[in-house]
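Each chain is listed here by its residues.
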Amino acid sequence: MRYLIVGNSAAGIGAAESIRAVDRSCEIVVVGDEPHHVYSRPLISHFVAGETTADGMRYRPADFYQRLRIEPRLGVRAESLDVDSKTVVLADGETMHYDRLLIATGSVQTFPPLRGSDRTGVFDFWRRGDAEAIRARIAACGSSRRTAVVVGAGLVGIQAACGLRGAGLDVTLVELLPHILSRILDAPASEHARAILEQNRIRVLVGRRLAEVSGSREDGVAAVLLDNGEKIECSVVVKATGVRPNLSLVSGTRVRTDVGVLVNSFFETNVPGVYAAGDVAETHDVTRGSVFVNANWPNAHAQGRIAGLNMAGHSTEHGGYIGMTALPLFGTPIMSIGVIEPEPGDEVRLRESFEGRIYQKLVFRRDLLIGAVVVGDLGPVGLINYLIQSQRSAAPVKDALLNGKRALFDSRRAWFRDQMEGVGLPWRKSLELAEPYHKQFDDAGWSEREQDRRPW
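Fair warning: this is a prediction, and the values are worked out from it, not measured in the lab.

Section: the sheet that holds strand β19 (residues 274–276)
Stage number 1. The five strands lie next to each other as β3-β2-β1-β7-β19, forming an open sheet whose pairing is parallel. Of all the strands in the sheet, the pair left with one neighbour each is β3 (70–74) and β19. Strand-to-strand twist across the sheet, computed as the mean angle between neighbouring axes with direction ignored, equals 20°.
Stage number 2. Pairing of strand β7 (residues 100–103) with β19, which is carried by three bridges, proceeds in the parallel orientation. For Leu102, the partnering residue across the bridge sits in β19 and is Tyr275.
Stage number 3. Docked against the sheet, helix α1 (residues 10–22) engages β1 (2–6), β2 (27–32), β3 and β7, running at close to 165° with respect to β1.

So, the sheet that holds strand β9 (residues 122–123)
Stage number 1. If you walk across this open sheet you meet the five strands as β9-β16-β10-β11-β12, and the pairing is parallel. The open sheet has two free edges, formed respectively by β9 and β12 (202–206), since each of these has just one partner strand.
Stage number 2. By the bridge criterion, five bridges tie strand β10 (residues 147–151) to strand β11 (residues 170–175) in an arrangement that is parallel. Bridge pairing in β11 links Val149 to Thr172.

Brief notes about the packing of α1 against helix α7 (residues 297–311)
Stage number 1. Look at α1 against α7: their axes get within 6 Å of each other, and the N-to-C directions meet at 35°. Handedness of the α1/α7 crossing: right-handed. Here α1 contributes Ala10, Ala11, Gly14, Ala15, Glu17, Ser18, Ile19 and Val22 to the contact with α7, which in turn contributes Trp297, Ala300, His301, Gly304, Arg305, Gly308, Leu309 and Met311.
Stage number 2. Here the contact of α1 with α7 is composed, by residue class, of nine nonpolar, five polar and two charged.

Points about α7
Stage number 1. End to end, α7 covers 21 Å across 15 residues, agreeing with the expected 21 Å (1.5 Å per residue, within 8%).
Stage number 2. Burial runs high along α7: 11 of the 15 residues are buried.
Stage number 3. Three or more residues of α7 are buried, namely Trp297, Asn299, Ala300, His301, Gln303, Gly304, Ile306, Ala307, Gly308, Asn310 and Met311.
Stage number 4. Those residues of α7 hidden inside the fold are in contact with β1, α1, β7, β19 and β20 (281–285).
Stage number 5. The residue sitting at the N-terminus of α7 and contributing the capping side-chain oxygen is Asn296; that oxygen lies 2.8 Å from the backbone nitrogen of Asn299.
Stage number 6. Where α7 ends, the next residue or the one after it, Gly313, has phi of about 95°, a positive value.

Parameters at a glance
Residues numbered from 1 in each chain as written. Predicted model: local features only at pLDDT ≥ 70, side-chain atom pairs only at ≥ 80, totals over all residues. Heavy atoms only, no water. Pairing = 2+ DSSP bridges. Helix = DSSP H or I, 4+ residues; strand = E, 2+ residues; numbered from the N terminus. Axes fitted to C-alpha atoms, helices over the stretch in contact; angles between N-to-C directions. Contact = heavy atoms within 4.5 Å. Left-handed = near helix turned anticlockwise from the far one by under 90°. Nonpolar A, V, L, I, M, F, W, Y, C, P; charged D, E, K, R; others polar. Expected span 1.5 Å × (residues − 1). Buried < 20%, exposed > 50% of the residue type's maximum accessible area, 1.4 Å probe, protein only. Polar contact = N/O pair within 3.5 Å; in protein donor to acceptor, adjacent residues only side chain to side chain.

If you want it as structure tokens, here you go:
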């Protein structure tokens, strides 16, 4: 059996691991258009900031491919797919046969036409190669031109701005919409995020767009011109206006697509033997009750793991996913889960302290928690995530979720006591004692948080 995986990132690696776990003798080939060992894309901004190294970005150990007996075909693009002959043609002309195929091509960045965007010093912010080029540009410009403009204030744009600020540059963030992070935050949470950025010397301009990138052939970018006539001098421009599923491989084939590749609950497409997972796939969204592209790293890896099991003949059905984004913004945690904008008839509950940089919003639909935005205080996030993912009625804990402290603890204790009280958790062999640990609710030993001793 020959498994061909197109995509050397979270979904593809998850699939390869699952396949090898259940099929020790098969052939696994992973094709990736970047020349690098698999790395963690969320660490790109930290790499730009100098907070990690290229080796530190590795998503798996250096001997990963060898240890799992995976043939890596890296630095070459999969150009075309023929589902009838079960072949994929690579950019170097090689034709690869498969018995099972996984499309894990992820997303690609999008950017509207802009005069001057081909100048030296204008970058995407999506791949390790982009980050390496940005670092080289910063080093070449020296200390006199340490300024940058980031176009687009979605998740990628925010990560780019934070990475450039960490590298010591003065950063201006330009967003066409009236709020930053508008796809994952509501307006109040967006204002909290904007205040955090500005406190850390990132200038944020909303309702503005770039009209032109100016500079010279010798030195590259020197400034950008906004639509209101303002000129901002800079040596680095980062394009981060959006992403979309990378459907280039399936274009013109019988594989059905909409926004992404359409798959069933086993991650198989309408073409037998062809699967898709990760940011390129549309899967069932638990809170929306329909298919949706939930593009994030944990979902991609989880989808790849299940897809790999199904490819290897171990029938495993997924129960759906939820959109979730976690963003540490200069030490302040921000999370967005599920549906954050209510529809008529939905119930919204809020807790906010602008001075304390705390914002919590819950969206309920018929006693089901379908979405949440949390800034600052992550205390209830574990239970919030459980309620959204399980779609269990939140009625017994609805009043306590944002009250925190003892009210929340009492609710959780009453709800889960029967499931947890006295349950034996065996020690791992690496520990000294062989006796199992029996979990108990110790009322006298409550933590400071649960006894209401915390300041607000």
